[in-house]
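Single-letter residue listing:
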Amino acid sequence: MQAFELDSRLAADTVAVSRLGLCELRLMNDRRWPWVILVPQRPGITEFHELTPLDQTMLTFEMGLVAKALKAVTGAGKINIGALGNVVPMFHLHVVARSAGDPNWPGPVWGFGAREAYGGAEAERFCETIRQAVLPA
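Everything numeric here is computed off the predicted structure, so don't read it as measured data.

Cut-offs used in this document
- Residues numbered from 1 in each chain as written.
- Predicted model: local features only at pLDDT ≥ 70, side-chain atom pairs only at ≥ 80, totals over all residues.
- Heavy atoms only, no water.
- Pairing = 2+ DSSP bridges.
- Helix = DSSP H or I, 4+ residues; strand = E, 2+ residues; numbered from the N terminus.
- Axes fitted to C-alpha atoms, helices over the stretch in contact; angles between N-to-C directions.
- Contact = heavy atoms within 4.5 Å.
- 1 Å grid on protein atoms, 1.4 Å probe; cavity = no way out; pocket = protein on both sides within 12 Å on 5 of 7 lines; lining within 4 Å.
- Points joined across faces, edges and corners; volume = space filled by probe spheres on them.
- Phe/Tyr/Trp six-rings, centres within 6.5 Å; stacked < 30°, edge-to-face > 60°.
- Buried < 20%, exposed > 50% of the residue type's maximum accessible area, 1.4 Å probe, protein only.
- Patch = residues over 30% accessible without salt bridge, like charges linked within 9 Å, V, L, I, M, F, W, Y side chains within 5 Å.
- Areas by Shrake-Rupley, 256 points an atom, 1.4 Å probe, with all protein chains shown as cover.
- Salt bridge = Lys/Arg side-chain N within 4 Å of Asp/Glu carboxyl O.

Chemist: Explain the sheet that holds strand 2 (residues 23-28) here, please?
Modeler: Within a sheet, adjacent strands bond to each other through the backbone by hydrogen bonds, running parallel or antiparallel. The strand order 1-2-3-5-4 describes an open sheet built from five strands, whose pairing is antiparallel. Looking at the sheet topology across the chains shown, the edges are occupied by strand 1 (14-19) and strand 4 (78-82). When the angles between neighbouring strand axes are averaged without regard to direction, this sheet yields 25 degrees. The strands touched by helix 3 (residues 120-134) are strand 1 and strand 2; relative to strand 1, the strand with the most contacts, the crossing angle is about 25 degrees.

Chemist: Help me understand the layout of surface pockets in this model?
Modeler: Computed from the structure, the largest pocket encloses a volume of approximately 440 Å³. Along the walls of the largest pocket sit 21 residues, with Asp13, Met28, Trp35, His94 and Trp110 positioned nearest its centre.

Chemist: Can you help me understand the packing of aromatic side chains in this one?
Modeler: Describing an aromatic ring pair means giving the distance of the ring centres and the angle of the ring planes. According to the stated counting rule, one finds five aromatic pairs in the structure shown. Considering the side-chain rings of Trp35 and Trp110, the 5.8 Å spacing of their centres and the 80 degrees angle between planes classify their relative orientation as edge-to-face. Residue Trp35 is found in strand 3 (residues 35-40), and its partner Trp110 is found in the loop between strand 5 (93-98) and helix 3; the two are separated by 75 residues along the sequence. The class for Trp110 is partly exposed, based on a relative accessible area of 39%. Centre to centre, the rings of Tyr118 and Phe126 are 6.2 Å apart; their planes meet at 20 degrees, and the pair counts as stacked. Residue Tyr118 is classed as buried on the basis of its relative accessible area of 13%. Ring pairing ties together the aromatic residues Trp33, Trp35, Trp110 and Phe112, which thus form one cluster.

Chemist: How do you make sense of a nonpolar patch on the surface when you look at a structure like this?
Modeler: A contiguous nonpolar surface patch, about 260 Å² in accessible area, is contributed by Met58, Phe61 and Leu65. By the element assignment, Leu65 lies in helix 2 (residues 53-74).

Chemist: Help me understand the pairing of strand 5, please; the structure alone is not making it clear to me.
Modeler: Two faces, one strand: in a regular strand the side chains alternate between the faces of the sheet. Judged by how many residues are buried, strand 5 sits mostly within the fold: six of six residues are covered. Residues Leu93, Val95 and Ala97 line one face of strand 5 and the alternating positions His94, Val96 and Arg98 line the opposite face, and both faces are buried. Relative to strand 5, strand 3 runs antiparallel, the two sharing four bridges. Bridge assignment links Leu38 to a residue of strand 5, and that residue is Leu93. Bridge count between strand 4 and strand 5: five bridges; the pairing is antiparallel. Across the sheet, residue Lys78 finds its bridge partner in strand 5, namely Arg98.

Chemist: Explanation requested: unusual backbone geometry in the structure shown.
Modeler: Working note: non-glycine residues mostly have negative phi, and peptide bonds are mostly trans. Here the bond from Trp105 into Pro106 is cis, since omega is 0 degrees, no more than 30 degrees from zero. Looking at where Pro106 falls in the secondary structure, it is placed in the loop between strand 5 and helix 3. Of note, Asn104 is a non-glycine position whose phi angle comes to about 70 degrees, a positive value. Along the polypeptide, Asn104 turns up in the loop between strand 5 and helix 3.

This is how it looks when you write it as structure tokens:
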């Protein structure tokens, strides 16, 4: 059986937040939007329908937990969820907090302007806040 290995592009563009039951939760390293991704820990998956029915259910459950936590932490007006995969084919799910007046509102986050990376301490603070909201003690 092939071991799961995170796509190098996802690793380069994100910061690890936590491991959930199925997914690795990662922070997109762009401070313009509170934006996380869920990556199911399954090798060779490029499409949602390739996941087993149980994994699909688990992903939906984890997506709901993360979306609710992100909305609570950020106070965002809208949580956008999307799975594209045109650039990075490894299946991953984007969960993005949006609010009126944020960069490119109400347009998409993809392909807009230049990424603004978090500082190390800022990223870790946000990751800890998300961890606590998703996985309360």
